[in-house]
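# Breakdown of the fold
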Amino acid sequence: MTSHNPVVSPDWLEARLGDPDLAILEISRYQPDEAAYFRGHIPGARYVFWKDFCWDDTERQFPTATEMARRLSALGVGDGTRLVLVGDTIQFATYPYWVLTMTGQERDVFVLDGGHQTWEMEQRPSILDVPPDPIARSRSPGDEDWSSRIGRDEVLAGIGRADRMLLDLRSSEEYRGERVSPTSMAFDHGAERKGRIPGARHLYYERLLSATGTFKQPSDVEVELAAAGVGPDAEIVTYCRLSHRASLGWLVLTRILRRSGVRVYDGSWTEWGSMVGMPIER
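### Here's the deal with the sheet that holds strand E6 (residues 149-150)
- Strand order in the open sheet formed by five strands is E6-E10-E9-E7-E8, and the pairing between neighbours is parallel. This sheet does not close on itself; its edge strands, each paired only once, are E6 and strand E8 (201-202).
- Where strand E9 (residues 235-239) lies against strand E10 (residues 262-265), three bridges are found, and the strand directions are parallel. Its bridge partner being in E10, Thr238 is matched across the sheet by Val264.
- Strands in contact with helix H9 (residues 244-256) are E9 and E10; relative to E10, the strand with the most contacts, it is inclined by about 175°.

Set out below in structure tokens:
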């Protein structure tokens, strides 16, 4: 059985603003000069750039359990703190949540439904003032669990297996091999070749979200999965360009639908589309 559903509503968070045992981190895909946080943010929220939070300081690798505990402590997240992750955009909350599950820090961690964009669209409380530096709190390291992560060699070995399904969460243009990055990015980059992993089914991640940017109800998600050809018992590997959208699919499948046997291909298309000898389909 997978863990609890971490998704909380804007109403839930707004009712708890000011709670001294609540920490809010807005995890952004953007550096400060472009981040929406600095044009207005949830009162008490702190800005964090996603790579600084989710990756090792030098390697393209995730932090150890001890290092992640240290980072949380430095951000004022202690053992008794409830932590809410706010995405700018939403998948930049699901990705750190996934990383926290692997580094033993899933406890008392929540994801704000809709992220920064939905909060702003609903005209909920917003301020410009940046909070003072946090007071460090003690955060105990947890147990590492990398079982939700899959690497390129195992993905390659599983191509064509009837009991495994590759689920591509990228846009149609990326899936068809017309681009290597979403059309929202002016510079088309992220891999040396265009295409998809052979046999992958397509389900654009936005089809898991409502018109307001919040997660769809489970019954509506099941409809989307069925349309993509995803059966109820399939072992699923999600991927995208850099695994952010893939982490959103993983969260929906494992935490909202309560499915097991779901893993994220961490390297995703950035790795697969740049490696020598990897099979590609268009």
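### Details of the pattern of salt bridges
- Counted by the stated rule, this structure contains 27 salt bridges.
- Between Asp57 and Arg71 there is a salt bridge; the shortest N-O distance is 3.2 Å. With Asp57 in the loop between helix H2 (50-54) and helix H3 (65-74) and Arg71 in helix H3, the pair connects residues that are 14 residues apart, well separated along the chain.
- Looking at Asp57, the relative accessible area reads 65%, which means it is exposed.
- A salt bridge links Lys216 to Glu224; its shortest N-O distance comes to 2.9 Å.
- In this structure Lys216 comes out as partly exposed when scored by relative accessible area, which is 22%.
- By relative accessible area, Glu224 is classed as buried at 9%.

### Points about the nonpolar core
- Ranked by internal contacts, the top residues of the largest apolar core, which has 67 residues, are Leu13, Phe53, Leu83 and Leu85.
- If one sorts the elements of this core by residue count, helix H4 (residues 91-102) sits on top with eight residues.
- Leaving out residues up to four positions away in the same chain, Leu85 has contacts with Leu25, Ile27, Ala93, Pro96, Tyr97, Leu100, Val109, Phe110, Val111 and Leu112.

### Considerations on the packing of aromatic side chains
- For the structure on display, the rule yields 15 aromatic pairs.
- Here the aromatic rings of Phe62 and Trp146 are separated by 6.3 Å at their centres, their planes lie at 10°, and the arrangement is stacked. Taken together, the residues span a long stretch of sequence, with Phe62 in the loop between H2 and H3 and Trp146 in the loop between helix H5 (115-121) and E6 at a distance of 84 residues.
- Taking relative accessible area as the criterion, Trp146 reaches 29% and is therefore assigned partly exposed.
- Pairing Tyr95 with Trp98 gives two aromatic rings, centres 5.8 Å apart and planes at 65°, and the pair type is edge-to-face. With Tyr95 and Trp98 both in helix H4 and three residues apart, the pair spans about one turn of that helix.
- Note on Tyr95: relative accessible area 0%, which makes it buried.
- Three or more aromatic residues joined by ring pairs form one cluster here, namely Phe49, Trp50, Trp55, Phe62, Phe92, Tyr95, Trp98 and Trp146.
- Taking the ring centre of Trp119 as reference, the NZ or CZ of Arg124 above it sits at 5.8 Å.

The rules behind these values
- Residues numbered from 1 in each chain as written.
- Predicted model: local features only at pLDDT ≥ 70, side-chain atom pairs only at ≥ 80, totals over all residues.
- Heavy atoms only, no water.
- Pairing = 2+ DSSP bridges.
- Helix = DSSP H or I, 4+ residues; strand = E, 2+ residues; numbered from the N terminus.
- Contact = heavy atoms within 4.5 Å.
- Axes fitted to C-alpha atoms, helices over the stretch in contact; angles between N-to-C directions.
- Salt bridge = Lys/Arg side-chain N within 4 Å of Asp/Glu carboxyl O.
- Buried < 20%, exposed > 50% of the residue type's maximum accessible area, 1.4 Å probe, protein only.
- Core = buried A, V, L, I, M, F, W, Y, C linked by side-chain atoms within 4.5 Å.
- Phe/Tyr/Trp six-rings, centres within 6.5 Å; stacked < 30°, edge-to-face > 60°.
- Lys NZ or Arg CZ within 6 Å of the ring centre and 35° of its normal.

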